[in-house]
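Below are the chains, spelled out letter by letter.
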Amino acid sequence: ENMIFTNVHRLRLASNDLRGELPFGIFEMTLLREINLSHNKFTGTIPAAIGQLSDLERLEMYGNALTGTLPTELGLLTKL
């Protein structure tokens, strides 16, 4: 069973040796203002669903093995 933490404003999981693709549940946490997933081992792409995070002010994902192009939906995040 997936748990969605809808009232989370900050998600700081930097330097935790996390692996695999970015968990899609993150992009369902629509009240997030800050995401720091830097210095892990995430792979794959940043999904278009990131455009749903309209309150996002800070996004840190450097130090991973992400590939592909940035989704155009990032342009929807006017507070970023």
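Owing to the predicted nature of the structure, the values given are computational and were not obtained by experimental measurement. Positions within a chain are numbered from 1, following the residues in the order the chain's sequence is written. The predicted origin of the model limits local features to residues at a pLDDT of at least 70 and limits the giving and counting of side-chain atom pairs to 80 or more, whereas totals for whole chains, interfaces and linings rest on all residues. Heavy atoms throughout the structure, all of them, feed into the side-chain values; hydrogens and water do not.

K.L.:
For this particular structure, what's the right way to read the side chain of Ser38?
P.N.:
The way it works is that DSSP assigns letters per residue, a run of H or I at least four long becomes a helix, a run of E at least two long becomes a strand, and they are numbered from the N terminus. The residue Ser38 is located in the loop between strand S3 (34-36) and strand S4 (41-44) in this model. Residue classification places Ser38 among the buried residues on the basis of a relative accessible area of 2%. In the analysis that follows, any N or O atom pair within 3.5 Å is treated as a polar contact, provided that within protein one partner can donate a hydrogen and the other can accept it, and provided that, for residues neighboring in sequence, both atoms belong to side chains. At a separation of 2.6 Å, a polar atom in the side chain of Ser38 contacts the side chain of Asn36. The contact partners of Ser38, leaving out residues within four places of it in the chain, are Ala14, Ser15, Glu60, Met61, Tyr62 and Asn64. Relative accessibility under 20% of the residue-type maximum defines a buried residue, over 50% an exposed one, and the middle range a partly exposed one, all with a 1.4 Å probe and only protein chains included. Any two residues having at least one pair of non-hydrogen atoms within 4.5 Å are treated as being in contact.

K.L.:
So what exactly am I meant to see when it comes to the side chain of Asn36 here?
P.N.:
On the secondary structure map, Asn36 appears in strand S3. Owing to a relative accessible area of 12%, Asn36 belongs among the buried residues under this scheme. Apart from the residues within four sequence positions on either side, Asn36 is in contact with Leu11, Arg12, Leu13, Ala14 and Glu60.

K.L.:
Would you mind going over the nonpolar core with me for this structure?
P.N.:
Burial of nonpolar side chains together is a common tendency in soluble globular proteins. Grouping buried Ala, Val, Leu, Ile, Met, Phe, Trp, Tyr and Cys residues that are joined through side-chain atoms within 4.5 Å yields what is termed a nonpolar core. Core analysis: the biggest nonpolar cluster contains 17 residues, and Leu22, Ile26, Phe27, Leu32, Ile35, Leu37 and Ile50 have the highest contact counts within it. If we ignore the near neighbours within four places in the chain, the residues touching Ile35 are Leu11, Ile26, Leu53, Leu56, Arg58, Leu59 and Glu60.

K.L.:
Looking at this model, I keep getting lost on the sheet that holds strand S2 (residues 19-21). Mind explaining?
P.N.:
Any two strands with at least two DSSP-identified bridges between them are counted as paired. Strand order across the open sheet formed by 3 strands is S2-S4-S6, with parallel pairing between neighbours. The two strands at the open ends of the sheet, each matched to only one other strand, are S2 and strand S6 (65-66). Pairing of S2 with S4 involves 3 bridges; the strand directions are parallel. Pairing of Gly20 across the sheet is with Phe42, part of S4.

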